Amino acid sequence: MEFIGDDDELRSKTVSHRRRISFTILLLLISFSTMVSGSIDESGRRVIEARTGQDLIWVVQLSDLHFSVHHPERAIDFRNIVGPALSLINPSLVLITGDLTDGKSKDMLTMKLNEDEWLEYESVMQDVVKRSGLNKSIFYDLRGNHDNFGVPAVGSSTDFFSKYSINGQMGRKGNVNAITVETSERKHLFVGVDTTMHIGLRGPTNLFGHPTDELLSSLDSHLSQWDNQSAKPVAKISFGHFPLSFTALSRSQKSLKDVFLKHSISAYLCGHLHTKFGKNLKRHHHSGGISLSDNDLFQLNMRQSSAESNSNCSFGALLAADFWEWEMGDWRKNRALRIMAIDRGHVSYVDLDFKSKSQKTIILPTFPLDSRFMSTSFARHKYECQHMISSSYDTIRAIVFSHSLVVEVVARVYDSSPGFDNLVMEAPMRKQGGDTSSGATFFSVPWNYRAFEDPLPDRFWLQIEVTDIRGRLTLSEMRPFSINGLSSKVSWTWNEFRVMGCQYAALYYPILWSALYILLLVFLVPKCMIVVFKKQYTLKKFIAKKGPITLGPITLVLWILQDLCRMPVVWFGYTAYLFYLIFFPWFSGEVFTDSGNRTYMTIMGWVVSSSGADKKHEYIGQPDVMVLVIPHVIFVVIPSVVVVCCLVAEREMYKDHIRTISGKKEDDHVHDWGRKKRSQRRSLLFSNRRLFRKSLLVASLALYWKHFKNCWAIARAYEMNVVHYPGYSLVVPLLLLYVIWKSHKVP
């Protein structure tokens, strides 16, 4: 009996041991299957097999995390929120588009990398990957300008991105990285592009993306990797940190936009601008049948009007290339997360705000598309040429992500033409296929899409309602749709336009030289009139007002400017200062982290030595230096000239007032009643109290304060004192002080 008992115990232990081995093998197989889902094919291309069971994938985008030692709550919230959210969403990819760390001092003036922030980022991401249950290989993080502050070269001791980022740890060393997510029906190519400076300056002169010709060539190659090599259609998405409005041209004057239009990508996902400028930081780019060269200075509307129609239905006709640029909100202050889906080639997204509320249920309608942000060239062409794919159009579709069991999903369509939202369709949606993941479910409902064809792109609106097992109702945002492929108009606010609609790299020199030329003309033209043409303009001549009425303002301006020219210190001081700003260094400072080496800045950028054997000097940071150059010229130099001119005019008017009340003018002036009235009006401003002068002194104080703040910020940013920028810091205040002193001394 003892033998039999021992045998039973042995068999029990053996079964238990086998179960543990089987469970371990199962875990290894699951882990292995996850790993090979991101395998590399024979051509070196990374390919992930999507496990959704549909011609459907979705990815997550995060941007501008700005982990900071001064704001630990950013990393704490990221750890607590993003890991569980990714576990619920279970995306095919997680894209983190730059500014992983903050790199700023507590006063936000000194900008250089802090290794403690990078150690925190590494730790948080390890925890997020673990809590999400996702494979680390599907995470792609990019370098932003904050991740490049003061880095002299990639691989240097201060290049913490290469050491602590996921891309660095996964061996993704290039500036361009591609990954393909494949379903049974389609390939989805994602290409990340890092356009940060090859030599990273400290902020604030590190603000723009700088693609090189080599990078653009590599990007072109990666985007074309499946061209003519795949029987399946390919949807192309690119992602980076900088919006195109904050991206410079390459040396050959090529741009990212050129490459994106060439390959007709669906969308470019980016960050950088946060949400403080607005929530509609989106821009539609369109070739319009013209050269793809990116020479336009402005785009006044979010969508270019030329993208509306392409009715050439002949075989092989080329469609006008277009793509969307979608900047997303930041994690830094707004705790934003984006889910983007590609459903049978249709691209849609939803932006989530984890700051204002928890996201128990997330709804992402995938068809019909939002007519405000869909790519209309292809949709319009399919409608006009009747190439619409029935299986793609004949259902309303949505993905629902929920922590609780979903018991009901209802699609509603509203007609806004009566002037209010009139419900015209309400239908329950059915779950499609098996569970795509633990928290994501795909729903659809058939509909007669032909009934919703309309020439108005925003007549019909779609809303999805979800009810979970706890009775909680969740509504999606109402969005317009257009079966016809027409686009709804969305206007930028002023703030949105100035950051998305202006091509700053192309605008820098026109703005700068326009301002400098105007200033030079202000000082040189009146001087030439005095010296060369012997033409004099005085206060007496302006008061006489002889000749056409239009000459009055001209005479006034010329009188003031010529009076300014008669003050040699002021005239020579400003003229020399303008030439100094054009031809000489503005200041010297430390642009690299803890290097101890100083370099100097001009209007063409910072001058640094190249890393090659010849050690040539090169200019970097153009147009980034515009954040220092333009404000100084526009908001310091020009206002100081205006104040100086006003002080000169006030001085002459006060002298004229003194002469009038002292009886030094001729009798005809004394008995001229009209002149008496004008003299009385002038006395209100130019009496002994000199109210106009006092107002100018207040303006001068405001100007001094503005200039002092600029100087202090630059000194903190680049570790300078007044010795390192005497011209920049002292000339304007001293000239202004001299004029104030001269205006006080009236003979």
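Let me sum up the structure you'll find in this document. Everything quoted here is computed from the prediction, not taken from an experiment. Along each chain, residue indices are assigned from 1 in the same order as the chain's sequence is written. Only residues with pLDDT of at least 70 are given local features in this predicted model, and only at 80 or more are side-chain atom pairs given and counted; all residues enter the totals for whole chains, interfaces and linings. For side-chain calculations, the full set of non-hydrogen atoms in the structure is used, while hydrogens and water are omitted.

**A word on unusual backbone geometry**
Working note: non-glycine residues mostly have negative phi, and peptide bonds are mostly trans. For clarity, the cut-off: Counting from the N terminus, the helices are DSSP H or I runs at least four residues long and the strands are E runs at least two residues long. Categorising residues by exposure relies on relative accessible area from a 1.4 Å probe, with only protein chains included: less than 20% of the type maximum marks a residue as buried, more than 50% marks it as exposed, and the intermediate range marks it as partly exposed.
Going from Gly203 to Pro204, the amide bond is cis rather than trans, its omega being 10°. The topology assignment puts Pro204 in the loop between β7 (187–193) and α6 (213–223). Omega for the peptide link from Gln622 to Pro623 comes to 20°, which places this bond in the cis form. Inspection of the secondary structure puts Pro623 in the loop between β26 (617–620) and α16 (626–661). The backbone of Asp64 sits at a positive phi, close to 55°, despite the residue not being glycine. Position of Asp64 relative to the elements: it lies in the loop between β3 (56–62) and α2 (73–89). Owing to a relative accessible area of 0%, Asp64 belongs among the buried residues under this scheme. One non-glycine residue, Arg344, lies in positive phi territory at about 55°. Looking at the element boundaries, Arg344 is found in the loop between β12 (336–343) and β13 (346–353).

**Things to note about the side chain of Ser404**
Topologically, Ser404 is positioned in the loop between β15 (395–402) and β16 (406–415). Of the residues examined, Ser404 reaches a relative accessible area of 12% and is grouped as buried.

**Some remarks on the layout of surface pockets**
Stated formally: A 1.4 Å probe that fits but cannot get out identifies a cavity on a 1 Å grid over protein atoms alone, an open set with protein on both sides within 12 Å along at least five of seven lines counts as a pocket, and a residue lines either if it has an atom within 4 Å of a point. Grid points are joined across faces, edges and corners, and a volume is the space filled by probe spheres set on the points. Gly is placed with the polar residues, together with every amino acid not listed as nonpolar (Ala, Val, Leu, Ile, Met, Phe, Trp, Tyr, Cys and Pro) or charged (Asp, Glu, Lys and Arg).
Estimates place the volume of the largest pocket at around 1,400 Å³. In this structure, the largest pocket is lined by 44 residues; those nearest its centre are Pro204, Leu207, Lys276, Phe277 and Val627. Here the lining of the largest pocket gets 8 residues from one element, more than from any other, and that element is α16. When its residues are assigned to classes, the lining of the largest pocket shows 29 nonpolar, 9 polar and 6 charged.

**Some thoughts on the pattern of salt bridges**
In plain terms, the rule: In what follows, salt bridge is the name for a side-chain nitrogen of Lys or Arg lying within 4 Å of a carboxyl oxygen of Asp or Glu.
A complete count under the given rule lists 27 salt bridges for this structure. Among the ionic pairs, Asp227 bridges to Lys236, the shortest N-O distance being 3.1 Å. The partner of Arg412 in a salt bridge is Glu465, and the shortest N-O contact between them spans 3.2 Å. A residue pair is termed long-range when its members are at least 10 positions apart, and Arg412 in strand β16 and Glu465 in strand β20 (residues 460–468) qualify at 53 residues. Accessibility classification places Arg412 together with Glu465 in one group, the buried group. One continuous salt-bridge network, built from bridges that share partners, spans Lys112, Arg202, Glu590 and Glu719.

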